[in-house]
Every structure is written in C-alpha cells, then in structure tokens.
Amino acid sequence: MIRYSEPVPEVPDVADGYKLRLVSDEDRVSYDQTFATAFTEPSPFNDMLLKQVENGFFVVEHLPSGSVVASSAAAVYPKAQHPDGHSLQWVVAHIDHQRTGAGQATIAAATEALAKSAPHYSYLSTDDFRLPAISIYLKLGWQPLLFHPDQVERWSRVFGHLGMTFNENDWPRSPK
C-alpha cells in the first residue's frame, strides 16, 4: 500500500487507562513481549530505533501495568520498488487490548510522522488476513498499490472480506 504526503486525519484518543507516546529504551522487554503475540520473527526493536524517522516510533502504554500494548513505526527502509524507503513498519497490537483505540492511535501517529518526512510518498506491506489493520490503513488514506496484475485479485478479495466494494480504477498502479 502507498500513501502520499497529504495531511493525516486527527490521531484518535485512546481509551482511559492507556497513553500514546514515543518509544523509550525502557520499553524493550515489554515491546518484545507484545511483538511475540503477533509475529514469529525476532523483535525489530533495535532496528526500529535506528531507522525511525524523527519522532517516528510510537507505542501505547497500558498505564495500570506499564506495558506496551501496541506499536507502529515510521521508518526508512529503501527497496527497489520504493527507493526513498519511507514506510510504516511493524504494526502490532496485543490481542488482550483490542477495542481500546491503541492500534489505530499508533498507526495514525506513525502515518502523520511519515506525511511530514516522506519526500513523495510512503509505503507499507501487509498480510491479507490483517483485516483490522487494513481497515485502519484505508481510513488514514493508504491506498492499495496495483503494481502487478495479481494485486487486482488480491485487493478485490480483501475488500470483499471487509464488506467494501473494490474498483480497480480507483487505485494507483505505480507510485507517482
């Protein structure tokens, strides 16, 4: 998915008992624990600290426990298809803290950081089964990038699962 550098809708508030903030070194253990609930890969915490755009690595803390329960990062990871490399990375929200606004708040904050720092556009990669995250991405102005013919079928299926209508003519086929 890609997103141009237009302004981002307002970052939503999180539920009482939660706080959106920038990551700190002290979050490492808690972040790693939450990350492990969603991914089998090793934690990218150190890499995200190094590659984040200025003030681009966000977490939501569950105040009663002091635990990180959601995170998203605006970072720079150049790829052949995206040489500028500005991207949304490693969105994670702990399943025990769903419906608190934690995931949406971190995604919106990181998207806002990208909108301020990306020279032309930013990108993200996602798995098709991550429907709650994809729904948030779409609300925040992220667009399916139909860079290959199989992407039309892919996004048609994803939109169907979201109960949305997909029209391939509405979406870009290459970054501008």
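Residues numbered from 1 in each chain as written. Predicted model: local features only at pLDDT ≥ 70, side-chain atom pairs only at ≥ 80, totals over all residues. Heavy atoms only, no water.

Novice: Whenever I open this one, the packing of aromatic side chains confuses me. Can you help?
Specialist: How two aromatic rings sit relative to each other is given by the distance of their centres and the angle of their planes. A complete count under the given rule lists ten aromatic pairs for this structure. An angle of 90° between the planes, with centres 5.7 Å apart, marks the rings of Y31 and F57 as edge-to-face. One end of the pair, Y31, is in helix α1 (residues 28-36); the other, F57, is in strand β3 (residues 52-62), and 26 residues separate them in sequence. Ring centres of W155 and F159 lie 6.4 Å apart, and the angle between their planes is 80°; on these two criteria the pair is classed as edge-to-face. In this pair, W155 and F159 are both assigned in helix α5 (residues 150-161), four residues apart and thus about one turn of the helix distant. As far as burial versus exposure is concerned, W155 and F159 are alike and both buried. One aromatic cluster is present, built from ring pairs that chain together Y31, F35, F39, F45, F57 and W90. (Phe/Tyr/Trp six-rings, centres within 6.5 Å; stacked < 30°, edge-to-face > 60°. Helix = DSSP H or I, 4+ residues; strand = E, 2+ residues; numbered from the N terminus. Buried < 20%, exposed > 50% of the residue type's maximum accessible area, 1.4 Å probe, protein only.)

Novice: I keep staring at the side chain of S72 and nothing clicks. Help me out?
Specialist: Position of S72 among the secondary structure elements: in strand β4 (residues 67-76). Taking relative accessible area as the criterion, S72 reaches 0% and is therefore assigned buried. When residues no more than four places from it in sequence are discounted, the contact partners of S72 are G56, F57, F58, L88, Q89, W90, V91, T106, I107 and A110. (Contact = heavy atoms within 4.5 Å.)

Novice: I keep staring at the confidence of the model for the protein and nothing clicks. Help me out?
Specialist: Any residue range with low pLDDT should be treated as having predicted coordinates unsuitable for detailed reading. With 100% of its residues at a pLDDT of 70 or more, the protein has an overall mean of 94. Ranking the elements of the protein by mean pLDDT puts strand β1 (residues 2-4) last, at 93, and strand β2 (residues 18-22) first, at 98. (pLDDT = per-residue confidence, 0-100.)

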